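# Structural features, examined
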Amino acid sequence: MAAGAAAYGLWGLFPLYWPLLKPAGAGEVLAHRIMWSLVAVAVILGVRRHWRWVRELTPRRIALLTLAAVVISANWGTYIYAVNTGHTIEAALGYFINPLISVLLGVLVFRERLRPWQWAAIGLGAAAVLVLAVDYGRPPWIALVLACSFGTYGLVKKFADMPSAESLAAETAVLFLPALTFVLVLEGRGTAAFGHEGVVNALLLATGGVVTAIPLMLFNAAATRIPMTALGMLQYLAPVLQFLIGLLIQHEPMPASRWIGFLLVWAALAILTADGLGAARRTRRSPVPGPRPAAEAA
């Protein structure tokens, strides 16, 4: 539980970290995050002397991990752009509605049947998006991109079926050359921040790999040891912290109409969580069918 809380807590504090990397733009920050994440996770795997997984990379798994790499890069880039341009609260909204997107993906991909309360939660979530679209004067595209990309990423990772460190190594390896090319182009144009804005800025850009890898390792430690219901409850810690940072530290505006939209989202999450916990309790209480007596079987 401590590892899970630490993982989501660190993810929740990301809005305080990425603005420190300015004047580097979102694209440069993303490129360095990809490259230094590969370095960090390679060191971790090297210390563990765990490279056998490379031989298990089938063409299908490589294709899935490539897709996962593209999706998570879109998620990372959008998030960095959001917190560096004063949209931290909208970014938090994306991770609040992510569970609702995951439920919808279960219906669309796995043909899961939803319970009535799950449908009610999705309906409230849709109403919240409409309210917030009116409030912003546009669809909350940052929140929708973050929620849909992260939900899709989780879905692809489910099909790929690889541990987190090994998966991150494969994904960042796929993206390493495009990221390096982008950085070199910025250097050629003279618009790169890395190496030109002081030692502290360069160190912070390089530390992005460690900042990415540490919460991932903590999450993996928690996911393999505690029930998924507990992990599901912990996931709300990150967007709550992001929301509070945007509201109390970065002083982003929250008019009444925006509060209404967020209250609808929180009501949807409360319904979804209560329904999920109820379903888990019913599953635990249901008796396991045993062998029937011969006479009854006849």
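What comes next concerns the included structure. The residue count restarts for each chain, going from 1 along the sequence in the order it is written. Note on the predicted model: pLDDT of at least 70 is required for a residue's local features to be given, and 80 or more for side-chain atom pairs to be given and counted; whole-chain, interface and lining totals, by contrast, use all residues. Working from all heavy atoms in the structure, the side-chain values ignore hydrogens and water.

Turning to unusual backbone geometry, a few remarks are in order. Following Lys22, the chain continues to Pro23 via a peptide bond in cis, the omega torsion being 15°. For Pro23, the position within the fold is in the loop between α2 (14–17) and α3 (26–48). A positive phi is found at Asp161, a non-glycine position, where the angle reads about 55°. Comment: elements are numbered from the N terminus, with helices defined as DSSP H or I runs of at least four residues and strands as E runs of at least two. Looking at where Asp161 falls in the secondary structure, it is placed in the loop between α7 (141–160) and α8 (164–189). Residue His251 is not a glycine yet carries a positive backbone phi of 55°. Along the polypeptide, His251 turns up in the loop between α11 (237–249) and α12 (256–285). Relative accessible area decides the class of each residue, using a 1.4 Å probe on protein chains only: under 20% of the type maximum gives buried, over 50% gives exposed, and in between gives partly exposed. Since its relative accessible area comes to 60%, His251 is described here as exposed.

Attention now moves to α11. Here, expected helix span is obtained from the residue count minus one, scaled by 1.5 Å. Taking 1.5 Å of rise per residue, 13 residues should cover 18 Å, and α11 covers 17 Å from first to last C-alpha, within 8% of that figure. Looking at α11, one finds that the buried residues are Ala238, Pro239, Gln242, Phe243, Ile245 and Gly246. Along the axis of α11, the buried positions cluster into a sector of 160°, meaning they face one direction only. Every exposed residue of α11 that faces more than 90 degrees away from the buried side is listed here: Leu248 and Ile249. A positive phi of about 55° marks His251, the residue just after α11. Within this analysis, the arc is defined by the directions that extend from the helix axis to the C-beta atoms.

A contiguous patch of positive charge, built from Arg281, Arg282, Arg284 and Arg285, is present on the exposed surface. Take Arg281: it is sitting in helix α12. Judged by relative accessible area, Arg281 falls into the partly exposed class, the value being 39%. Nonpolar side chains (Val, Leu, Ile, Met, Phe, Trp, Tyr) within 5 Å and like charges within 9 Å form the patches, drawn only from residues with over 30% relative accessible area and no salt bridge. Residue burial considers only the protein chains on display, and all accessible areas are found by Shrake-Rupley using a 1.4 Å probe. Whenever Lys or Arg places a side-chain nitrogen within 4 Å of a carboxyl oxygen from Asp or Glu, that contact is recorded as a salt bridge. Working convention for charge: Lys and Arg count positive, Asp and Glu count negative, and His plus the chain ends are omitted. A charged residue contributes its charge at one atom only: NZ of Lys, CZ of Arg, CG of Asp or CD of Glu.

For the coordinates displayed, the defined rule picks out four salt bridges. One salt bridge in this structure joins Arg138 and Glu90, with 2.8 Å as the shortest N-O distance. Of this pair, Arg138 sits in the loop between α6 (116–136) and α7 while Glu90 sits in helix α5 (residues 88–110), placing them 48 residues apart in sequence. Judged by its relative accessible area of 1%, Glu90 is buried. The salt bridge partner of Asp135 is Arg258, with a shortest N-O separation of 2.5 Å. Pair noted here: Asp135 is in helix α6 and Arg258 is in helix α12, with a separation of 123 residues, a long-range link. Both residues of the pair, Asp135 and Arg258, count as buried.

Only rings of Phe, Tyr and Trp enter the pairing, Trp through its six-membered ring, and a pair is recorded when the two centres are within 6.5 Å. The plane angle decides the type: under 30 degrees is stacked, over 60 is edge-to-face, the rest tilted. Scanning all chains against the criterion turns up 16 aromatic pairs. On the numbers, 5.8 Å between centres and 75° between planes, the contact of Tyr95 with Phe150 is edge-to-face. You can see Tyr95 sitting in helix α5 and its partner Phe150 sitting in helix α7, a full 55 residues away along the chain. On the basis of relative accessibility, which here comes to 17%, the residue Tyr95 falls in the buried class. Summarising the aromatic geometry, the rings of Phe243 and Phe262 are spaced 5.2 Å apart at their centres and angled 50° between planes, so their arrangement reads as tilted. Here Phe243 is found in helix α11, whereas its partner Phe262 is found in helix α12, with 19 residues between them in sequence. By the ring-pair criterion, three or more aromatic residues cluster together here, those being Phe96, Phe243, Trp259, Phe262 and Trp266.

For the rest of this paragraph, the subject is the side chain of Asn98. Along the chain, Asn98 turns up in helix α5. On the accessibility criterion, Asn98 (8% relative accessible area) is buried. Contacts: residue pairs with any heavy atoms within 4.5 Å of one another. Setting aside anything within four residues of it in sequence, one finds Asn98 in contact with Ala147, Phe150 and Gly151.

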